[in-house]
Amino acid sequence: MVREVRENELNELLQLYLYLHEKSLPNMTEHLRNTWNVIIQDENHHIIVNEIDGKIVSSCVCVIIPNLTRNVRPYAFIENVVTHERYRGKGYATACLNYAKAIAEKENCYKMMLLTGSKDEATLGFYRNAGYNSTDKTAFIQWLE
């Protein structure tokens, strides 16, 4: 079942993020709890999960960003696309991305953007099959300390 994350599912989401790029679970600090509360209360911040047999197995984040161009239409940014390794290849992440697209369409977004650090052709093919392309724009990232 694809849906938005519930407030009480932070720990389960953080466990899933270990399959993304995290090396360990963060400490449950006041900063983490405050950040979680900001995310949960932000109507433009959507953490989408796919739950199978009561377990969150896949997720992505969709943030709707207000915009002053393109007839004042917002755009969507997709991040943290992840699936538990035992559940990959079954369409669970695709379902999350489709849910994100439905949110973006409902919010009248004019585009969706997604960045990946992966160079793996299977991962890149997955994003292409989901409707994304890497030819229209060039992404630049500046990492901050």
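Along the protein chain, the regular secondary structure elements total four helices and five strands. Along the protein chain, from the amino end to the carboxyl end, the secondary structure elements read β-α-α-β-β-β-α-β-α. Taking 15 Å as the expected radius of gyration for a compact globule of 145 residues, we find that the protein chain reaches 15 Å, a close match to that expectation. Principal-axis analysis of the C-alpha atoms places the extent of the protein chain at approximately 40 × 35 × 35 Å. Within the span of the protein chain, comprising 145 residues, buried residues form 32% of the whole. Carbon and sulfur atoms provide 49% of the accessible area of the protein chain, an area that totals close to 9800 Å².

What describes a pair of aromatic rings is the distance from one ring centre to the other and the angle between the planes of the rings. Scanning the model with the defined rule gives three aromatic pairs in all. Its guanidinium or amino end placed over the ring of Tyr 75, Lys 111 lies 5.4 Å from that ring's centre, counting from NZ or CZ.

Ranked by internal contacts, the top residues of the largest apolar core, which has 17 residues, are Ile 48, Cys 60, Cys 62, Ile 78, Val 81, Leu 97 and Leu 114. Those elements that provide at least two residues to this core are strand E3 (55-65), strand E4 (75-83) and helix H3 (92-106). Not counting residues up to four positions away in its chain, the partners in contact with Leu 97 are Cys 60, Ile 78, Val 81, Leu 114, Phe 126, Tyr 127, Ala 130 and Tyr 132. Counting residues in each nonpolar core, the second largest holds 14 residues, with Trp 36, Ile 47, Val 49 and Val 82 among its members.

As a further point, take a nonpolar patch on the surface. On the surface, Leu 115, Ile 141 and Trp 143 cluster together to form a nonpolar patch covering roughly 380 Å² of accessible area. Taking the relative accessible area as the measure of exposure, Ile 141 reaches 52% and is therefore exposed.

Another aspect to go through is the sheet that holds E3. Taken in spatial order, the five strands line up as E1-E2-E3-E4-E5 in an open sheet, and their pairing is mixed. One side of each edge strand has no neighbouring strand; the edge strands of this open sheet are strand E1 (2-4) and strand E5 (112-114). Within the sheet, the average angular offset between the axes of one strand and its neighbour, ignoring direction, is 30°. The pairing of strand E2 (residues 45-52) with E3 spans eight bridges and is antiparallel. Along E3, the bridge assignment pairs Glu 51 with Ile 56.

Attention now goes to the environment of Asn 108. Locating Asn 108 in the fold gives a position in the loop between H3 and E5. Spatially, the C-alpha atom of Asn 108 lies 30 Å from that of Leu 16, the residues being 92 residues apart in sequence. If sequence neighbours within four positions are ignored, Asn 108 has contacts with Arg 73 and Pro 74.

What follows is about the pairing of E2. Among the eight residues in E2, seven count as buried, and that is most of the element. Two elements, E1 and E2, share three bridges in a ladder whose sense is antiparallel. Following the sheet pairing, Val 2 is matched in E2 by Asn 50. Where E2 hands over to E3, the hairpin turn is made up of two residues, of which Asp 53 adopts a positive phi near 50°.

Calculation notes
- Residues numbered from 1 in each chain as written.
- Predicted model: local features only at pLDDT ≥ 70, side-chain atom pairs only at ≥ 80, totals over all residues.
- Heavy atoms only, no water.
- Helix = DSSP H or I, 4+ residues; strand = E, 2+ residues; numbered from the N terminus.
- Rg over C-alpha atoms; globule rule 2.2 N^0.38 Å.
- Buried < 20%, exposed > 50% of the residue type's maximum accessible area, 1.4 Å probe, protein only.
- Areas by Shrake-Rupley, 256 points an atom, 1.4 Å probe, with all protein chains shown as cover.
- Phe/Tyr/Trp six-rings, centres within 6.5 Å; stacked < 30°, edge-to-face > 60°.
- Lys NZ or Arg CZ within 6 Å of the ring centre and 35° of its normal.
- Core = buried A, V, L, I, M, F, W, Y, C linked by side-chain atoms within 4.5 Å.
- Contact = heavy atoms within 4.5 Å.
- Patch = residues over 30% accessible without salt bridge, like charges linked within 9 Å, V, L, I, M, F, W, Y side chains within 5 Å.
- Salt bridge = Lys/Arg side-chain N within 4 Å of Asp/Glu carboxyl O.
- Pairing = 2+ DSSP bridges.
- Axes fitted to C-alpha atoms, helices over the stretch in contact; angles between N-to-C directions.

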